[in-house]
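# Residue-level structure breakdown
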Amino acid sequence: MPFRRYHIAFAALAMAAVSPQVADAQSIRFEDVTETAGMTMEGRGQAVAVRDYDQDGWPDLFVVSTNGPAALFRNQGDGTFANVSSQAGIDVYGRYLASAWADIDNDGWSDLVVVGEFGRNRVFRSQGDGTFVDITDTSGIEPEAAAASLAFGDFDNDGLVDLFLPIQDATDILYKNLGNGRFEDISQAAGGGGSPTTIAMQATWFDYDHDGTQD
């Protein structure tokens, strides 16, 4: 299978020495360091999620693919990345569309949820040592739901991040976080299922009416 390049551009901005008035669009330059950064993987990348999953102070990248294995790129801290998917216990292959990091069990470590139109939705719980365990079957999240994306937000202000899945050609799903890595589908009770005939692609939580709760 051919390798697909993922372009990373770094801007060398001497912000301490250059004022905002001087550092305009014409003074900013980018350099393609894709190859030297080690950002290659099989298949066609679809989306990226950024998080310092191992808490070493460097942001890491998780990239899903629509026709190959997803990749967890660990930031080496020197401008390069290493694909540590196998070592981390994240084995994801198929047509996946999105992923997101969130601390679903409030243990201080970021967990990972991966969703796709034709791939099996997956939930990976961090072990706190740079590795993950697949808890999909016990999480309460429907693995076969054709989700195009996902959005985490604590809609009920109970201190646990909840999950919304926009579903293609079916009702959307709102999951309440029960704690300890488990979720419950409360779509109908919350009135957030939506129409089963729509093709939902994206969702975002925000407090649009400033009442202190996420909409």
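Whatever comes next refers back to the structure up there.
Residues numbered from 1 in each chain as written. Predicted model: local features only at pLDDT ≥ 70, side-chain atom pairs only at ≥ 80, totals over all residues. Heavy atoms only, no water.

It is worth spelling out the sheet that holds strand β12 (residues 111-115) at this point. Spatial ordering of the open sheet is given by β11-β12-β13-β14, a layout of 4 strands whose pairing is antiparallel. With partners counted over all chains shown, the strands left at the sheet margins are β11 (98-102) and β14 (132-134), one partner each. On average, each strand axis in the sheet is tilted by 20° relative to the strand beside it, whichever way the strands run. Relative to β12, β11 runs antiparallel, the two sharing 5 bridges. Residue pairing across strands places A102 opposite D111, the latter belonging to β12. (Pairing = 2+ DSSP bridges. Helix = DSSP H or I, 4+ residues; strand = E, 2+ residues; numbered from the N terminus. Axes fitted to C-alpha atoms, helices over the stretch in contact; angles between N-to-C directions.)

Let us look at the packing of aromatic side chains. Within a pair of aromatic rings, the relevant descriptors are the distance that separates the centres and the angle that separates the planes. Enumeration over the complete set of coordinates arrives at 6 aromatic pairs. Centre to centre, the rings of Y53 and F132 are 5.8 Å apart; their planes meet at 45°, and the pair counts as tilted. You can see Y53 sitting in the loop between β5 (45-51) and β6 (60-65) and its partner F132 sitting in strand β14, a full 79 residues away along the chain. Neither residue differs from the other here; Y53 and F132 are each classed as buried. A residue is classified by how much of its surface remains accessible, and F132, at 7% relative accessible area, is buried. (Phe/Tyr/Trp six-rings, centres within 6.5 Å; stacked < 30°, edge-to-face > 60°. Buried < 20%, exposed > 50% of the residue type's maximum accessible area, 1.4 Å probe, protein only.)

With respect to the helices and strands, D154 occurs in the loop between β15 (151-153) and β16 (162-165). Comment: no salt bridge for buried D154; closest opposite-charge side chain is K176, at 6.8 Å. One polar contact links the side chain of D154 to the main-chain amide nitrogen of G159, over a distance of 2.8 Å. With near-sequence residues (within four places) excluded, D154 lies in contact with G159, L160, V161, D162 and Q214. (Lys, Arg positive; Asp, Glu negative; His and termini not counted. Salt bridge = Lys/Arg side-chain N within 4 Å of Asp/Glu carboxyl O. Polar contact = N/O pair within 3.5 Å; in protein donor to acceptor, adjacent residues only side chain to side chain. Contact = heavy atoms within 4.5 Å.)

Within the largest apolar cluster, 19 residues are counted, with the highest numbers of intra-cluster contacts made by L150, F152, L163 and L165. Where this core is concerned, the elements lending two or more residues are β11, β12, β16 and β17 (173-179). By residue number, the principal contributor to this core is β11, which donates 3 residues. Ignoring anything within four residues of it in the chain, the contact list for L165 reads V115, I141, A147, S149, L150, D172, I173 and Y175. A49, A70, V84 and V92 belong to the second-largest nonpolar core, a separate cluster that totals 16 residues. (Core = buried A, V, L, I, M, F, W, Y, C linked by side-chain atoms within 4.5 Å.)

Here we take up the pairing of strand β18 (residues 182-185). Bridge analysis of β17 against β18 gives 4 bridges, and the strand direction is antiparallel. Across the sheet, Y175 pairs through a bridge with D185, a residue of β18. In this structure, the hairpin formed by β17 and β18 is closed by a connection of 2 residues, where N180 is found at a positive phi of approximately 60°.

Here we take up the sheet that holds β6. Pairing in this open sheet of 4 strands is antiparallel, and the strands run β5-β6-β8-β9 from one edge to the other. In this open sheet, the two edge strands, each paired with only one partner strand, are β5 and β9 (81-83). Each strand of the sheet is rotated relative to its neighbour by a mean of 25°, with strand direction disregarded. The pairing of β6 with strand β8 (residues 71-75) spans 3 bridges and is antiparallel. Counted as the bridge partner of V63 is A71 from β8.

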